[in-house]
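Spelled out, the chains give:
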Amino acid sequence: MVKLSPSIFGADFGRLNEQIKAVEDCNVEMLHIDVMDGNYVPNIAFGPDQIAMLRPHTDLFFDVHMMVTEPDRYIERIVKAGAQMITVHAEATTHLHRSLMLIKSFGVKCGVVLNPATPPDVLKYVLDDIDMVLVMTVNPGGGGGAFNPTMIEKVREIKEMIGDRDIDIQVDGGVNADNVKSLVDAGANVIVAGSFAFTGDVAKNLDDLRKAADA
Ligand SMILES: O=C(CO)[C@@H](O)[C@H](O)COP(=O)(O)O
């Protein structure tokens, strides 16, 4: 079963409540929240205080993607803000395993994010510790980027590495109703969409995305 995780970064922040309600009404499985520190990625977005402000407004599962240098510094605050899943970039933490253990120590699900140029090998010795792998299908740090089709093969490779372990494969960046099926066929089962989800009619976009993913 494919799970949808619309990326709030793509929403109209002047109508945030309304946009969250719109994705809730589509029965999405998660809400993807991007934390950007202006260092690991050039952009700045959403810190723990903003996540905490969102928390009382929705029961959606908070899937938090940390684009942060040395994320351990903020993990406890992100958990306290209401995250239920935290993913960290393999490239952004000095001690990947330690970061994952820190997330798990709070009883929260954890995952590893790989930039397009990062090979999957880095996952090999943490596969038994993680709940999800996030394959970036654009370079991180912004919305509306062009989908990198080379990542389809990478998803396939990761799916094979995972074997029968219970690990989700999430894809993020430039995902839309035209390319989602190729990612699902390769093994992705959690779909992030920012600009595709929030441009125009949210209900129609998410319906199109789910239908294309499940086709
Ligand atoms: O993590 C990121 C960007 O780094 C995302 O979650 C974006 O919000 C995706 O936006 P689209 O590429 O779908 O517009």
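Residues numbered from 1 in each chain as written. Predicted model: local features only at pLDDT ≥ 70, side-chain atom pairs only at ≥ 80, totals over all residues. Heavy atoms only, no water.

The name given to the chain in an unreviewed UniProt entry is Ribulose-phosphate 3-epimerase, with Anaerofustis stercorihominis DSM 17244 as the source organism. Recorded under Catalytic activity (unreviewed entry), the UniProt text for the chain is reproduced unchanged: "D-ribulose 5-phosphate = D-xylulose 5-phosphate". What UniProt records for the chain under Pathway (unreviewed entry) is the sentence "Carbohydrate degradation." (UniProt positions renumbered as here; feature names shortened; annotations may be inferred.)

*Asks:* Could you give me a rundown of the packing of aromatic side chains, with the residues and numbers involved?
*Replies:* According to the stated counting rule, one finds one aromatic pair in the structure shown. Over the ring of phenylalanine 62 we find arginine 55, and its NZ or CZ is 3.6 Å from the ring centre. (Phe/Tyr/Trp six-rings, centres within 6.5 Å; stacked < 30°, edge-to-face > 60°. Lys NZ or Arg CZ within 6 Å of the ring centre and 35° of its normal.)

*Asks:* Quick rundown of the UniProt feature "active site" (unreviewed entry) in the chain? Include the residues and the values.
*Replies:* Mapped onto the present numbering, the UniProt feature "active site" (unreviewed entry) falls on Asp34 and Asp172. Of the residues just listed, which span 139 residues, no C-alpha pair is farther apart than 10.8 Å, and they cluster in one region. Along the chain, the position of aspartate 34 falls in strand 2 (residues 31–37). Dropping the residues within four chain positions of it, aspartate 34 is found in contact with Ser7, Phe9, Ala45, Phe46, His65, Met67 and Asp172. Among the polar contacts made by the side chain of aspartate 34, one reaches the side chain of histidine 32 at a distance of 3.0 Å. (Helix = DSSP H or I, 4+ residues; strand = E, 2+ residues; numbered from the N terminus. Contact = heavy atoms within 4.5 Å. Polar contact = N/O pair within 3.5 Å; in protein donor to acceptor, adjacent residues only side chain to side chain.)

*Asks:* Break down the sheet that holds strand 1 (residues 3–6) for me, with residues and values.
*Replies:* The sheet built from nine strands is open, its strands ordered 1-9-8-7-6-5-4-2-3 with mixed pairing. Of all strands in the sheet, those with a lone pairing partner are strand 1 and strand 3 (44–45), marking the two edges. Across two bridges, the pairing between strand 2 and strand 3 is antiparallel. Across the sheet, methionine 36 pairs through a bridge with alanine 45, a residue of strand 3. (Pairing = 2+ DSSP bridges.)

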